Amino acid sequence: MKRFHKHTGLVAPLDRANVDTDQIIPKQFLKRIERTGFGEFLFYDWRYLPDGRLNPSFVLNQPRYQGTSILVADKNFGCGSSREHAPWALGEFGFRVIIAPSFADIFANNCFKNGMLPIALPAAQVAQIMDRAQREEGYQLTVDLERQTVEDANGLSILFVVSEFQRYCLLEGLDDIGLTLRHEDAIRAYERRSAQS
Amino acid sequence: MIDKTKTLFEKLWEAHIVREARVEPTLLYIDLHLIHEVTSPQAFDGIRQTGRTVRRPDLTFGTVDHNVPTTDRSLPIADEIAAIQVETLRRNCKEFGIQLFDINSPEQGIVHVIGPELGLTRPGMTIVCGDSHTSTHGAFGALAFGIGTSEVEHVLATQCLPQNKPRTMKVETHGSLPEGVTAKDLALGIIAKIGTDGATGHVIEYAGDAVRALSMEGRMTLCNMSIEAGARAGMIAPDETTFAYLKGRRFAPAGETWDEAVRQWQTLKSDEDAVFDRVVEIDASRLEPFVTWGTSPGMVVPVTSYVPDPSDARNASDREAAERALQYMALTPRMNIQDISIDRAFIGSCTNARLEDLRAAARVVKGYRINASVSAMVVPGSQDVKKAAEREGLDRIFHEAGFEWREAGCSMCLGMNADILQPGERCASTSNRNFEGRQGRGGRTHLVSPMMAAAAAIKGHFTDVRKWEFK
């Protein structure tokens, strides 16, 4: 898995609540059997007009947000389908961090598995970041997973919470299947116990 | 010393602990892993790339449902990329010795319909699948939840999943559902009350008289929609209804093993004084048939009500969401729900495509014809449901009314195959998500029960099925 230590990047504001995984990557693009090739279809129905041209009013198409790697959105981000194609598409597009007041459980899990950091912050702080990203051209944040901080150049400094284990896995870039396989004895013991009962 | 009382969830959780450590998540054993063509190919690739193998092919079962056509199955799949996905699952199942209910198998169907139907889903199990509606299986008193593809790979390789323990929520129902108000309406009523993120991080246990009175089909509908309230899983303690449903099913225990299993299953319930992190009370007797008006399942009102006015919203965020939803749905504030005309009706999906659902819809449809401006289809949840419905003549009732009668699959619930809405089309749908574009780009979805969808197809607009004149 891709490691995550510290990341500085341009912030794109997506001021919407309940952004679902159908929006992040619509179903017609789920037919690939690879983990790659999804980035160009990210937010397809919002990014492209029905005739296939880029929708100039959509935030990610605006020149000032080109090269963005930190997405800030409203509550319940990633709700709906369990499709891991959603974080694959976000990651391939260039996002490493998503900040929102809350995330759907499966989506947040899927992010961690792909070296992407979902950061849940109180709504007021998210609103503050959203506001700055909308007002200040070139607005950047630095996310430090070691120190668990989100900071900007104007003195904003926020501590965030992440599970100790997920933090450790991201910092080390660990393959968690490999970790589970180290417990082969415990798995065998469980299987023996349940075969007897 | 008296033992701490436990919820059903806690009992299932504890029974599946392989390993507990201080910092790491708990390692849980998975009893049943269901796979399908869309979220599994990358997981199998990972297994091959790392030189690993499938630990328990005997606990893993596959079917094709998400992208398969619902038209003539004797023809090859016209969509080449979909065909590759189906073929890839076939190859993966063969390579690793996994039983597959393939496209022409009599057991093929939506993964959450066939699991219970085959008796693969049983009380007390842990069940996962790379699909968020895996919560459906909780209807049997199982701990069942959706996972991503990396986790599919994890379970294939280890038959375990590291999990942080969710919190618990009890939804306690009082009274009984009125005639014409179904499990779907109960689910929508709960979401209306707690919101689409109301149960995030929680496992819901549904309890009370209205839940006990539900058939297994109804319980599956209710647990299915748990994810739409944000829940990790939904569950219902097993009882005689559960045991009666399972008895004689292909993979269910038989003979003495059956009696032993039932004895064990009877212990699967929350202790009387068990403490939940949160309790939500619902008066089932006051619920009405629901219709969603927006682009999130929480945007829902009773059929006797009207489209809300965004200016009445509690806060700016909700107001903006409502305005955006009304614009997408092309509805105006304060419009009566029953004045909303539809173009399409879809009866299907893992939420509402079981035999009981089709019977309920057919009862409404019988003797009527669908409105001239509506096209409508029924997509049974499985080949088994389809055959059973045909034995009862339900297909004829639907045919005579002008419905199309299709082969089993997810179909227009998510529109991965050819079954999609055209831009601007409005659909009464028995599925589970009314997200923008879910059923086709620009399509407008209204979530309803099977009876409500059937009645809307006939009238051409939403109508209160409690006042229906059955023929």
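Draft legend 1. Broad picture of the overall build of chain B. Helix and strand counts for chain B stand at 15 helices and 19 strands. In terms of C-alpha radius of gyration, chain B reaches 22 Å, essentially the compact-globule figure of 23 Å for 471 residues. Overall, the C-alpha framework of chain B stretches about 60 × 55 × 45 Å when taken along its three principal axes. Split into buried and exposed, the 471 residues of chain B put 60% on the buried side.

Draft legend 2. Representation of the pairing of strand S2 (residues 26–29) of chain B. All names here are of chain B. Direction of pairing for strand S1 (residues 17–19) relative to S2: antiparallel, over a ladder of two bridges. Considered in S2, the bridge of Arg19 is made with Leu27. The turn joining S1 and S2, which pair antiparallel and follow one another in sequence, is formed by six residues. Here S2 runs beside strand S8 (residues 160–163); their pairing, made up of four bridges, is antiparallel. From the neighbouring strand, Thr26 faces S8, where its bridge partner is Gln163.

Draft legend 3. Seen up close, the nonpolar core. By size, the foremost hydrophobic cluster in this structure holds 205 residues, and its most contacted members are Val72 of chain A together with Ala345 of chain B. Look past the residues within four positions of Val72 of chain A in its chain and what remains in contact with it is Val11, Pro13, Leu14, Ile99, Val126, Ile129, Met130 and Ala133 of chain A.

Draft legend 4. Up close: the packing of helix H6 (residues 183–194) of chain B against helix H8 (residues 216–224) of chain B. Residue and element names in this part refer to chain B. At a minimum axis distance of 8 Å, the contact between H6 and H8 shows a crossing angle of 25 degrees. What the angle tells us is that H6 and H8 run roughly parallel. Here H6 and H8 pass one another in a crossing that is right-handed. Counted together, Ala183, Lys184, Leu186 and Ala187 of H6 and Gly218, Thr221 and Leu222 of H8 form the full contact between these two elements. Of the residues contributing to the contact of H6 with H8, the split by class is four nonpolar, two polar and one charged.

Draft legend 5. Expanded view of the sheet that holds strand S15 (residues 344–347) of chain B. All names here are of chain B. Across the sheet, which stays open at both edges, the five strands sit in the order S17-S16-S15-S18-S19 with parallel pairing between neighbours. Taken across any chain shown, the strands that pair with only one partner, and hence form the sheet edges, are strand S17 (403–405) and strand S19 (444–447). Taken pair by pair, the neighbouring strands of this sheet meet at an average axis angle of 20 degrees, ignoring direction. Judged from the three bridges that link them, strand S16 (residues 375–378) and S17 form a sheet pairing that is parallel. Its bridge partner lying in S17, Ala376 is registered against Phe403.

Draft legend 6. Fine view of the interface of chain A and chain B. Taken residue by residue, the interface counts 41 residues in chain A and 52 residues in chain B. Mapped onto the side of chain A that touches chain B, the elements with two or more residues apiece are helix H1 (21–24), helix H4 (105–112), helix H6 (164–172), helix H7 (176–181) and helix H8 (184–196) of chain A. For the side of chain A that touches chain B, a count of residues per class yields 14 nonpolar, 12 polar and 15 charged.

Draft legend 7. Expanded view of the sheet that holds S2 of chain B. Read across the open sheet, the three strands follow the order S1-S2-S8 (chain B); overall the sheet is antiparallel. On the outer flanks of this sheet lie S1 and S8 of chain B, each paired with one strand and no other. Between one strand axis and the next, the sheet turns through 40 degrees on average, direction left out of account. Against the sheet, H8 of chain A makes contact with S1, S2 and S8 of chain B, and its axis sits at roughly 150 degrees relative to S1 of chain B, the strand it touches most.

Draft legend 8. Spotlight on the pairing of strand S1 (residues 6–14) of chain A. All names here are of chain A. Relative to strand S5 (residues 140–144), S1 runs antiparallel, the two sharing five bridges. Residue pairing in the sheet places Gly9 in a bridge with Leu141 of S5. In this sheet, strand S2 (residues 70–73) lies alongside S1 in parallel orientation, the contact comprising four bridges. Bridge assignment links Pro13 to a residue of S2, and that residue is Val72.

Draft legend 9. Representation of H4 of chain A within the structure. Summarising burial for H4 of chain A: eight of the eight residues are buried, a large majority. Among the residues of H4 of chain A, Asp105, Ile106, Phe107, Ala108, Asn109, Asn110, Cys111 and Phe112 of chain A are the ones counted as buried.

Draft legend 10. Just the environment of Thr168 of chain B, in detail. All names here are of chain B. Mapping Thr168 onto the fold places it in strand S9 (residues 167–174). The exposure class assigned to Thr168 is buried, which follows from the 22 C-beta atoms found within 10 Å. Put simply, Thr168 and Gly201 are 33 residues apart on the chain and 8.4 Å apart in space, counted from C-alpha to C-alpha. Residue contacts for Thr168: discarding those within four places in its chain leaves Thr7, Phe9, His202, Val203, Glu205, Phe276 and Asp277.

Draft legend 11. Here's a closer look at the confidence of the model for chain B. Across chain B, the average pLDDT comes to 97, with 99% of residues at 70 or higher. The ipTM for the predicted assembly is 0.96, set against a pTM of 0.97.

Draft legend 12. Spatial organisation of helix H1 (residues 8–15) of chain B. Regarding H1 of chain B, the residues found buried are Leu8, Phe9, Lys11, Leu12 and Trp13 of chain B. Buried residues along H1 of chain B sit in contact with strand S6 (126–129), strand S7 (143–146), S9, strand S10 (202–208) and strand S11 (233–235) of chain B.

Draft legend 13. Broad picture of unusual backbone geometry. The phi angle at Phe43 of chain A is positive, at roughly 50 degrees, despite the residue not being glycine. The topology assignment puts Phe43 of chain A in the loop between H1 and helix H2 (44–47). A positive phi is found at Gln159 of chain B, a non-glycine position, where the angle reads about 60 degrees. Structurally, Gln159 of chain B can be placed in the loop between helix H5 (149–158) and S8.

Draft legend 14. The arrangement of the environment of Glu272 of chain B in detail. Tracing the chain through its elements places Glu272 of chain B in the loop between helix H10 (255–265) and strand S12 (278–283). For Glu272 of chain B and Thr7 of chain B, which are 265 residues apart along the polypeptide, the C-alpha to C-alpha distance reads 8.7 Å.

Rules used throughout
Just so you know, the residues in each chain are numbered from 1, in the order the chain's sequence is written. Going through the entries in the order they are written, you letter the chains from A and number the ligands from 1. Totals for whole chains, interfaces and linings use every residue, but because this is a predicted model, local features are given only for residues with pLDDT of at least 70 and side-chain atom pairs only at 80 or more, for both listing and counting. Labels follow the DSSP assignment, with helices taken as runs of H or I lasting at least four residues and strands as runs of E lasting at least two, numbered in each case from the N terminus. Every radius of gyration here is taken over C-alpha atoms, with the globule rule written as 2.2 Å times N^0.38, N being the number of residues. Think of it as a crowd count around each C-beta: if 20 or more other C-beta atoms lie within 10 Å the residue is buried, if 12 or fewer it is exposed, and in between it is partly exposed, with C-beta placed from the backbone throughout. By definition, two strands form a pair when at least two bridges between them are found by DSSP. Only buried residues count toward a nonpolar core: Ala, Val, Leu, Ile, Met, Phe, Trp, Tyr and Cys, linked into one set through C-beta atoms within 7 Å. Here, residue contact means that the backbone-derived C-beta atoms of the two residues sit within 7 Å. Convention adopted: a line fitted to C-alpha atoms gives each axis, helices being fitted over their contacting stretch, and angles between N-to-C directions are expressed from 0 to 180 degrees. Between 65 and 115 degrees an angle is taken as roughly perpendicular, under 35 as roughly parallel, over 145 as roughly antiparallel, and anywhere else as oblique. Should the near helix be turned anticlockwise from the far one by less than a right angle, the crossing is left-handed, and should it be turned clockwise, the crossing is right-handed. Ten residues, namely Ala, Val, Leu, Ile, Met, Phe, Trp, Tyr, Cys and Pro, are considered nonpolar, four, namely Asp, Glu, Lys and Arg, are considered charged, and the remaining ones, Gly among them, are considered polar. A residue's pLDDT is the confidence the predictor assigns to it, expressed on a 0 to 100 scale.

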